[in-house]
Amino acid sequence: MNASEVLDRYWDGCLPVDVVGIAQRMGLAVESVDVLDNGASGEIEQAADGSFVIRFVRAEPEVRQRFTVAHEIGHFALGHLRGSQRMFRDSVADFSTGARGLERQANAFAAALLMPARIVEYVLAHKDIASDAALARHFAVSGVALKYRLRDLGLTSI
Ligand SMILES: [Zn+2]
């Protein structure tokens, strides 16, 4: 399931996109924790009983927590957890623009989930928002995440 399909099925249409609510409606448990092994920012794990849990570090900035949860939803929705792959534990490198493979896919999913294409396009077309910083706040994402999302959509900054 791609991000657009997840939004269609599980999003309530409100901004900023409630990624924890989406995860829960998808049947995924979400927990905030003080620390993860290896200094990770987030992880998704399939338990022995088949259930899934997403964990993120509560001390990190909210925009980062949100991207982390969206990234972990991506691993689930894109079918990355299968066979012997029962866990993804993500550190800074996995969220960077230099990430490759499944991590890159999960990042692209996260950006598309947090910043739905049609909403970004609508806002830019109607000029409701005066700056990139305000637009980032509108979606509760980092300025860097917004910049890359606009570029990927072929849009220019405000
Ligand atoms: Zn990952």
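The preceding data block contains the structure.
If you're wondering where the values come from, they're calculated on a predicted model, not measured in any experiment.

Draft legend 1. Main features of the overall build of the protein chain. Scanning the protein chain from terminus to terminus reveals eight helices and four strands. Written out in order from the N terminus, the α and β elements of the protein chain read α-α-β-β-β-α-β-α-α-α-α-α. Scaling as 2.2 N^0.38, a compact globule of 158 residues should have a C-alpha radius of gyration of about 15 Å, and the protein chain matches this with 15 Å. Out of the 158 residues belonging to the protein chain, those deemed buried represent 46%. Pairs at least 24 apart in sequence give 62% of the contacts found in the protein chain among residues at least 6 apart. A total of about 8,000 Å² of accessible surface is found on the protein chain, and carbon and sulfur atoms cover 51% of it. Across the protein chain, the mean location of the 17 positive side-chain charges is 5 Å away from that of the 20 negative side-chain charges.

Draft legend 2. Fine view of the packing of helix α3 (residues 62-77) against helix α5 (residues 101-114). One way to put it is that α3 packs onto α5 with a least axis distance of 8 Å and a crossing angle of 115°. The interaxial crossing formed by α3 with α5 has right-handed handedness. Residues R66, F67, A70, H71, I73, G74, H75 and A77 of α3 pack against L102, E103, A106, N107, F109, A110, A111, L113 and L114 of α5.

Draft legend 3. View of the coordination of the zinc ion. Taken together, H71 (NE2), H75 (NE2), D90 (OD), D90 (OD) and E103 (OE) make up the protein donors of the zinc ion, found 1.9 to 2.6 Å from the metal. Along the chain, the residues donating to the zinc ion fall in the pattern H-x3-H-x14-D-x12-E. Of this pair, D90 sits in strand β4 (residues 87-90) while E103 sits in helix α5, and the two are 13 residues apart along the sequence. For the pair shown, D90 and E103 are each scored as buried.

Draft legend 4. A look at the nonpolar core. Counting residues in each nonpolar core, the largest one holds 43 residues, and the members touching the most others are I22, I73, L113 and M115. Secondary-structure elements contributing two or more residues to this core are α1 (3-10), α2 (19-25), β3 (52-57), α3, α5, α6 (117-126), α7 (132-139) and α8 (143-152). Considering every element that reaches this core, the biggest residue donor is α5, with six residues. The contacts of I22, once residues within four sequence positions are left out, are V6, L7, Y10, W11, V17, I73 and L113.

Draft legend 5. Region of the structure containing the pattern of salt bridges. Considering all chains together, one arrives at eight salt bridges under this definition. Of the charged contacts in the structure, one is a salt bridge between R55 and E43, with a shortest N-O distance of 2.7 Å. Here E43 lies in strand β2 (residues 42-46) and R55 lies in strand β3, a separation of twelve residues in the sequence. The residues R55 and E43 share a single accessibility class, namely buried. For the salt bridge of E60 with R64, the shortest nitrogen-to-oxygen distance reads 3.1 Å. By relative accessible area, E60 is classed as buried at 18%. Looking at R64, the relative accessible area reads 31%, which means it is partly exposed. Salt bridges sharing common partners tie together E31, D37, E43, E45, R55 and R89.

Cut-offs used in this document
Residues numbered from 1 in each chain as written. Predicted model: local features only at pLDDT ≥ 70, side-chain atom pairs only at ≥ 80, totals over all residues. Heavy atoms only, no water. Helix = DSSP H or I, 4+ residues; strand = E, 2+ residues; numbered from the N terminus. Rg over C-alpha atoms; globule rule 2.2 N^0.38 Å. Buried < 20%, exposed > 50% of the residue type's maximum accessible area, 1.4 Å probe, protein only. Contact = heavy atoms within 4.5 Å. Areas by Shrake-Rupley, 256 points an atom, 1.4 Å probe, with all protein chains shown as cover. Lys, Arg positive; Asp, Glu negative; His and termini not counted. Charge placed at Lys NZ, Arg CZ, Asp CG, Glu CD. Axes fitted to C-alpha atoms, helices over the stretch in contact; angles between N-to-C directions. Left-handed = near helix turned anticlockwise from the far one by under 90°. Donors = N, O, S within 2.8 Å, 3.2 Å for Na, K, Ca; no water. Core = buried A, V, L, I, M, F, W, Y, C linked by side-chain atoms within 4.5 Å. Salt bridge = Lys/Arg side-chain N within 4 Å of Asp/Glu carboxyl O.

Shape is all these values report; function is a separate question.
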